[in-house]
Amino acid sequence: MNFVSWAFALLFAAVMLARLTIGRRHNESAFLGVLLVASLVFYAWHIPAYLLVLVASSSIDFVAARAIHAAPTGAPSRRRWLVASLVSNLGLLGVFKYGDFLLLAAEDAGTLAGLEMRMPALGLVLPMGISFYTFQALSYTIDVYRGHLAPIRAYGRFLLFITFFPQLVAGPIVRATEFLPQMPRPRHLTRQAFYQGAWLLVLGFFLKMVCADNLAAYVDEYWDRGIREGTSATFALWLGVMFSGQIFADFCGYSTIAQGLGYWLGYRFPENFNAPYIATSFKNFWERWHITLSRWLRDYLYLPLGGNRGSRARTMVNLLTVMLLGGLWHGAAYTFIAWGAVHGLCLALERMLGLHRPAARPWAVTVAWALVVQAAVLVAWVFFRSPTIGGAWTFLVNVATGPWVAPEGWMLGALGFLAPIAVLHGWTWAEERTPGLRLTPALRAVLAALMAYAILTAHGGTSEFIYFQF
């Protein structure tokens, strides 16, 4: 079950019926119970047994947070309970997501050492959304440990925070400090909230079903050709641009749908994307791309490592470490590590050159560096999409050395699905530089109608979201 399925439509219709009846004026316990049951059903739809894994790890976090809060400041038990939460969450993530990868890495290390080893494969199916709900759970226990948050008393409400179905599978990564305060407040489905939610839903489904899914058809069909030697530079570069558009529209589409569903159910989620392809620095890119992950890595990894408070060398190491782990978070493969390494090295170089501060740069340097940023982002996406490091390298060699030929007809046809992404970025760029520039209600209504028509008539053929696998 996912957002683009009839099963989900029926589930959400039942939840909205409860929202308009028992949850119409206040966040009654009965409505919270409906949300919790719907969330558990949504998760169990994938592999029912994995619901036990989710509930077990959540129970450990709930107990650990209560114990941390109850222990005196400085008591050793506080750290022990925090470690218990970290080990349970990261241990499950490690076994399910990285078990086979670590065994394969051991085989590769043995081969380099001249030893022939055959490690057994675990062959475990990855629990849906485990990377996302793991980070949400960790933010809860860490914030309680730091004294930023008091633990919640009701287990059911805590479990709802972990499993809330609109953003359970692929984010945004919502922290307990953002979600829990919204639970007890009265909520009314106002006209403004309804219209805003509807706008976000139409925009999200348009990005996913029209832009991402149609671009996916081209990318999936032609990517193997892109990683073959001798492919033209025109072909390879255009294919890379299309994947850049696909992954943005797919992931931003999911996050936007989640925000729209949240509005209708009375919850607001943090923004997760803000036109990343107009970023003028690598730092700015990560302030615009997967914003909730960027902030999580900053607050719970980069700053605890020392951030930029130490020497320049230590700051470079911290940036590279965080991005390597960020790459590994995306997937258990060398290609994801390479993707993280590209971003980590670029962030470190940018800081070393002092180019992370746009106010200190002449406009010509800003424009030139923005082009470098987007070129490097494109290079990183090639590693992200390719099945192997060797394939990604061949793809990039084709871009750099292949012949430039006239575009093929299908390349021009794909422009129709890239154009809305470019318009969205262009409008954001204009908004940021023109005070007071906003879509009028009338224009927004016209755009929503056009996007709804496109969803019905020009949707693609796939329904899976790219980030479901993470």
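Residues numbered from 1 in each chain as written. Predicted model: local features only at pLDDT ≥ 70, side-chain atom pairs only at ≥ 80, totals over all residues. Heavy atoms only, no water.

Another point: the pattern of salt bridges. Applying the stated criterion to the full structure yields ten salt bridges. Between Glu178 and Arg295 there is a salt bridge whose closest N-O contact spans 3.1 Å. With Glu178 in helix α7 (residues 176–179) and Arg295 in helix α11 (residues 291–302), the pair connects residues that are 117 residues apart, well separated along the chain. Across the salt bridge formed by Asp299 and Arg298, the nearest N and O atoms sit 2.7 Å from each other. The exposure class of Arg298 is partly exposed, given its relative accessible area of 40%. Connected through shared salt-bridge partners, Arg175, Arg298 and Asp299 make up one network. (Salt bridge = Lys/Arg side-chain N within 4 Å of Asp/Glu carboxyl O. Helix = DSSP H or I, 4+ residues; strand = E, 2+ residues; numbered from the N terminus. Buried < 20%, exposed > 50% of the residue type's maximum accessible area, 1.4 Å probe, protein only.)

Between helix α5 (residues 130–146) and α11, the least distance of the axes is 12 Å, while the angle of their chain directions is 35°. When you trace α5 past α11, the crossing you get is left-handed. Along its contact with α5, which presents Phe135, Leu138, Ser139, Ile142, Asp143 and Arg146, the element α11 presents Leu293, Trp296, Leu297, Asp299 and Tyr300. Among the residues forming the contact of α5 with α11, the class breakdown is seven nonpolar, one polar and three charged. (Axes fitted to C-alpha atoms, helices over the stretch in contact; angles between N-to-C directions. Left-handed = near helix turned anticlockwise from the far one by under 90°. Contact = heavy atoms within 4.5 Å. Nonpolar A, V, L, I, M, F, W, Y, C, P; charged D, E, K, R; others polar.)

What follows covers unusual backbone geometry. Phi at Ala275 takes a positive value of approximately 50°, unusual for a residue other than glycine. Within the fold, Ala275 resides in the loop between α9 (233–265) and α10 (282–286). According to the relative accessible area criterion, Ala275 is buried, its value standing at 6%. The backbone of His290 shows a phi angle near 45°, a positive value even though the residue is not glycine. Mapping His290 onto the fold places it in the loop between α10 and α11.

This prediction gives the chain a mean pLDDT of 89; 97% of its residues lie at or above 70. Highest mean pLDDT in the chain belongs to α10 (95); lowest belongs to helix α4 (residues 76–112) (84). (pLDDT = per-residue confidence, 0-100.)

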